[in-house]
Amino acid sequence: GAKTRRCQTVTLKSGAIRAAARFRVKRAGRHPVVVSFAAQKVSVTLKVLPRSRRLSVLAAGDSMMQILDEDLRRRLAARGPVHVTADAHVSTGISKPFMLDWVAHAKATAASLKPDVSVVFLGANDGFGIGDASCCGEVWQARYAKRAGRMMRSYARGGQGTVYWLLLPTPRRKAFVSIYAAVNRALRQAAGRFPGVVQLVDLGKVFTPAGRYRQTMTWQGKHRTVRGPDGVH
């Protein structure tokens, strides 16, 4: 039938940076939502599941994800019927398929589990040469982006899945800084091919603003340790 458009006006309170709006949809499926503010416009697509089915979430990556997958499971469980599958593989990376071929693994996992949402945190162990290209020039970044893009395509499942890919915060060791920056640039390049489907989560803005490493930070009025002893996790 014809598409129905409905508009809501949401007012931000003085000093607030967030506001919530509720609306009902009549059927399951993908529903486009457009948010306009001043001269800015952001488009997202919401996927609505039937009431009878749990949301399937895949938490994939290296040891960085291994820290987060259980927290995801706990937090999401409080929000409704959600099933979280942990798929963390320590010390693996996109540029080191001799340990785990993530491109092939992502394709097989997505086909088997059919996740509605895939959360990926991967790249802290990368920096290995890809073909004849050593890290971390433009050729290496392009090849890394190609591999990451194939993974994103697998997890997206032709638009049936949504992907959240976490970018790497700046590490403490200077030897890793250029590698992590190159990985993030490659991921941005890859994600640009999947607008509205692959969302990048920039952890650097929160934990290492302006690329400055910090072991502790103030969060919700408390001074907290936010990085592991190794300066990576």
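Provided above is the structure to which this section pertains.
In this report, the structure presented in the accompanying data block is examined. As the structure is a computational prediction, the values presented were derived from the model and not from experiment. (Residues numbered from 1 in each chain as written. Predicted model: local features only at pLDDT ≥ 70, side-chain atom pairs only at ≥ 80, totals over all residues. Heavy atoms only, no water.)

Take the overall build of the protein chain next. Per the secondary structure count, the protein chain includes five helices and nine strands. In terms of overall dimensions, the protein chain is globule-like: its C-alpha atoms have a radius of gyration of 19 Å, near the 17 Å expected for 233 residues. Overall, the protein chain is about 55 × 45 × 35 Å in size when its C-alpha atoms are taken along their principal axes. The 233 residues of the protein chain split such that 36% are buried. Taking contacts inside the protein chain between residues at least 6 apart in sequence as the whole, the part at least 24 apart equals 63%. Total accessible area on the protein chain stands at roughly 14,700 Å², and carbon and sulfur atoms take up 54% of it. Here the protein chain holds 40 positive side-chain charges and 12 negative ones, and the gap between their average locations is 12 Å. (Helix = DSSP H or I, 4+ residues; strand = E, 2+ residues; numbered from the N terminus. Rg over C-alpha atoms; globule rule 2.2 N^0.38 Å. Buried < 20%, exposed > 50% of the residue type's maximum accessible area, 1.4 Å probe, protein only. Contact = heavy atoms within 4.5 Å. Areas by Shrake-Rupley, 256 points an atom, 1.4 Å probe, with all protein chains shown as cover. Lys, Arg positive; Asp, Glu negative; His and termini not counted. Charge placed at Lys NZ, Arg CZ, Asp CG, Glu CD.)

Before going further, it helps to examine helix α1 (residues 63-77). Given 3.6 residues per turn, any residue in an α-helix points the same way as the ones three and four places further on. Spanning 15 residues, α1 covers 22 Å between terminal C-alpha atoms, matching the ideal 21 Å at 1.5 Å per step. When the local axis directions of α1 are compared, the greatest deviation, roughly 30 degrees, occurs at D69. Buried within α1 are the following residues: S63, M64, M65 and D69. Contacts from the buried residues of α1 go to β3 (55-61), β4 (82-88) and β5 (117-121). At the N-terminal end of α1, a side-chain oxygen is found 2.9 Å from the backbone nitrogen of M64, two or three residues along, and the residue is D62. (Expected span 1.5 Å × (residues − 1). Bend = angle between axes of the 7 residues up to and from the residue. Polar contact = N/O pair within 3.5 Å; in protein donor to acceptor, adjacent residues only side chain to side chain.)

Moving on to the side chain of T92. Along the chain, the position of T92 falls in the loop between β4 and α2 (102-113). One polar contact links T92 to W102, side chain to side chain, over a distance of 3.0 Å. Aside from chain neighbours lying at most four places away, what touches T92 is G61, D62, M99, L100, W102, L122 and N125.

Taken in spatial order, the five strands make up an open sheet running β4-β3-β5-β6-β7, and their pairing is parallel. Two strands bound the open sheet, and with one partner strand each, they are β4 and β7 (198-202). Strand-to-strand twist of the sheet, defined as the mean angle between neighbouring strand axes without regard to direction, takes the value 20 degrees. By the bridge criterion, five bridges tie β3 to β5 in an arrangement that is parallel. Within β5, the position partnered with L58 by the bridge is S118. On the sheet, α1 packs against β3, β4, β5 and β6 (162-167) and is oriented at approximately 175 degrees with respect to β4. (Pairing = 2+ DSSP bridges. Axes fitted to C-alpha atoms, helices over the stretch in contact; angles between N-to-C directions.)

Attention now moves to the pattern of salt bridges. Scanning the model with the defined rule gives five salt bridges in all. As a salt-bridge pair, E70 and R73 come within 2.6 Å of each other at their nearest N and O atoms. One end of the pair, E70, and the other, R73, are both in helix α1, three residues apart, so they sit about a helical turn from each other. For E70, a relative accessible area of 46% puts it in the partly exposed group. Among the residues examined, R73 registers a relative accessible area of 29% and is labelled partly exposed. Note that D202 and R188 form a salt bridge whose closest N and O atoms lie 3.1 Å from each other. Of the two residues, D202 sits in strand β7 while R188 sits in helix α4 (residues 174-191), which places them 14 residues apart along the sequence. Bridged by salt links that share partners, the residues D71, R74 and R75 form one connected network. (Salt bridge = Lys/Arg side-chain N within 4 Å of Asp/Glu carboxyl O.)

Another point: the packing of aromatic side chains. The relation between two aromatic rings is expressed through the spacing of the ring centres and the mutual angle of the planes. What the rule picks out here adds up to three aromatic pairs. Judged by centre distance (5.5 Å) and plane angle (75 degrees), the rings of F98 and F128 are edge-to-face. On the criterion of sequence distance, the pair formed by F98 in the loop between β4 and α2 and F128 in the loop between β5 and α3 (138-156) is long-range, its members being 30 residues apart. With relative accessibility at 36%, the residue F128 sits in the partly exposed group. Of note, R173 hangs over the ring of F176, and the distance from its end group to the ring centre comes to 4.4 Å. (Phe/Tyr/Trp six-rings, centres within 6.5 Å; stacked < 30°, edge-to-face > 60°. Lys NZ or Arg CZ within 6 Å of the ring centre and 35° of its normal.)

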